[in-house]
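Overview (structure and organization)
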Amino acid sequence: PSKSSTSSEVQCHDKRCSASSSYGGCTGNLCKFSLAYADSAYANGHLMCDSVDWGQAEGIDACFGAITKESADFERDQVDGILGLAGESLSCNPSCITPLFDAALEQKKISKNVFTVCMDDHGGSLSLGAADESVFEDKDKIAYIPMDESSFYEIKLDGEKDGGQIKVGDVAISTTVQKVVVDTGTTLLSVPKSVFDKMKEIFLTNYCSVKGLCGDDSWFDSGLCETFDPSEEDDILDNQLPVITLRLKGGFIIELTPRDYLLSYEFGNEHYMCLGIMYMAGTSHEFLLGNTVNLKYSMIYDRENHRL
């Protein structure tokens, strides 16, 4: 707090805390703040308010969580915090605040209820108040699908199961799960366990010639990666593995090539590839489109027209 002359800590008796807390919202004399995620990462602290400059949106009066304790895996060394852009219904942690984007809209610091996210391996861009078509390689291929933004940014798989909503190569997978959440805060593509198990079965049945895919230590086992000679990588990614597709409601098809769903990195003198698809026990009734997808597809979050 001493670093900013305009900041203030929210006290328990403050109407911004006591009048809006969803449950037991105080710790000591300060308004409590806490976050917890499906992977067990967490952060705790208290609420603060300050004037926030966010790109060209300057002087936003906003409240936010000041982290005083966090799990070891909550953030990486190069990250200073986390900024949520989802709906106001998710901003009670436990004290309810107006999310920064909503606050900027209410204070007319941002003109339109739209933002655009473009990610790449080394950063990206966030365009506030605009459908930024400049980040798309081919503007003619921009396609919108219906979106529910009341909490998370939710779209749906195609409800028609004929032919399967998901394909691994030519093999179709049908599912009754339709909920799809688009989340830049999730690293990988997370699918229901039933879908993950079916994907694994298809890969192990048809692609065991690929090094490390089958056997006791498979790519599909949590946390396991395979070492490769870099000279082998192009052939594996371009010739030996299938394309994965997801058919969404509205007709758009997400297409992931092996270069999209296999993550390549170097550590020391070793070259690794890891599977960018997972399942989490707490997400059996939804898909999470994390950065395995977001790195390939730029997203316009058009909250004014309820479309993505």
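Look up a bit, the structure's there.
The structure displayed is predicted, hence computed values, not measured ones.

The next subject is the sheet that holds strand 7 (residues 123-128). Here we have 3 strands laid out as an open sheet, ordered 7-6-20, and antiparallel in their pairing. Since the sheet does not close on itself, it has two edges, and those belong to strand 7 and strand 20 (299-302), each with one partner. Pairwise comparison of adjacent strand axes, ignoring direction, gives a mean angle of 10° for this sheet. Of the pairings in the sheet, the one linking strand 6 (residues 114-120) to strand 20 comprises 4 bridges and is antiparallel in character. What sits directly across from Val117, in strand 20, is Met299.

Quantified by volume, the second largest pocket comes out at close to 600 Å³. Forming the boundary of the second largest pocket are 23 residues, of which Phe136, Phe252, Lys296, Tyr297 and Ser298 lie nearest the centre. Taken together, the residues that form the lining of the second largest pocket break down as 18 nonpolar, 1 polar and 4 charged.

Turning our attention to the state of the cysteines. Counted according to the given criterion, the structure contains 3 disulfides. Sulfur-sulfur distance for the disulfide between Cys225 and Cys274 comes to 2.0 Å. Between Cys225 and Cys274, the S-S torsion sits near 110°, and that sign places the bridge as right-handed. Of the two residues, Cys225 is situated in strand 13 (residues 225-227) and Cys274 in strand 17 (residues 270-275); the sequence distance between them amounts to 49 residues.

Of all the residues in helix 4 (residues 230-240), the buried ones are Glu233, Ile236 and Leu237. For helix 4, the angular spread of the buried residues around the axis is 85°, confining them to a single face. Seen from the buried face of helix 4, the exposed residues on the opposite side, beyond 90 degrees, are Ser231 and Asn239. Contact partners of the buried residues in helix 4: helix 5 (258-261), strand 16 (262-267) and strand 17.

To describe a pair of aromatic rings, you give the distance between the ring centres and the angle between the ring planes. As enumerated under the stated definition, the model contains 13 aromatic pairs in all. Between the aromatic rings of Phe101 and Phe115, the centroid separation amounts to 5.3 Å while the plane-to-plane angle is 70°, which identifies the pairing as edge-to-face. Residue Phe101 is located in helix 2 (residues 100-106), and its partner Phe115 is located in strand 6; the two are separated by 14 residues in the primary sequence. Of the two residues, Phe101 and Phe115, neither departs from the other in class, the shared state being buried. Here the aromatic cluster, defined as three or more aromatic residues joined through ring pairs, consists of Phe196, Phe203, Tyr207, Phe220, Tyr261 and Tyr279. Here the guanidinium or amino end of Lys211 rests over the ring plane of Phe228, the centre of that ring lying 5.7 Å away. When the ring centre of Tyr144 is taken as origin, the NZ or CZ atom of Arg307, which lies over that ring, is 3.6 Å away.

In this section: the pattern of salt bridges. Taken as a whole, this structure holds 12 salt bridges when the rule is applied. Lys156 is paired through a salt bridge with Glu154; the nearest N and O atoms lie 3.5 Å apart. Among the residues examined, Lys156 registers a relative accessible area of 34% and is labelled partly exposed. Of the residues examined, Glu154 reaches a relative accessible area of 17% and is grouped as buried. In this structure, Arg307 engages Asp302 in a salt bridge whose closest nitrogen and oxygen atoms are separated by 2.8 Å. With relative accessibility at 4%, the residue Asp302 sits in the buried group. Salt bridges here are not isolated pairs; linked through shared partners, they connect Asp234, Asp238 and Arg259.

In this model, Lys108 sits at a positive phi of 60°, which is unusual for a non-glycine residue. Relative to the assigned elements, Lys108 resides in the loop between helix 2 and strand 6. Despite not being glycine, His306 has its phi angle at roughly 55°, a positive value. If you trace the backbone, His306 turns up in the segment after strand 20.

Definitions and limits used
Residues numbered from 1 in each chain as written. Predicted model: local features only at pLDDT ≥ 70, side-chain atom pairs only at ≥ 80, totals over all residues. Heavy atoms only, no water. Pairing = 2+ DSSP bridges. Helix = DSSP H or I, 4+ residues; strand = E, 2+ residues; numbered from the N terminus. Axes fitted to C-alpha atoms, helices over the stretch in contact; angles between N-to-C directions. 1 Å grid on protein atoms, 1.4 Å probe; cavity = no way out; pocket = protein on both sides within 12 Å on 5 of 7 lines; lining within 4 Å. Points joined across faces, edges and corners; volume = space filled by probe spheres on them. Nonpolar A, V, L, I, M, F, W, Y, C, P; charged D, E, K, R; others polar. Disulfide = S-S within 2.5 Å. Buried < 20%, exposed > 50% of the residue type's maximum accessible area, 1.4 Å probe, protein only. Arc of directions from axis to C-beta. Contact = heavy atoms within 4.5 Å. Phe/Tyr/Trp six-rings, centres within 6.5 Å; stacked < 30°, edge-to-face > 60°. Lys NZ or Arg CZ within 6 Å of the ring centre and 35° of its normal. Salt bridge = Lys/Arg side-chain N within 4 Å of Asp/Glu carboxyl O.

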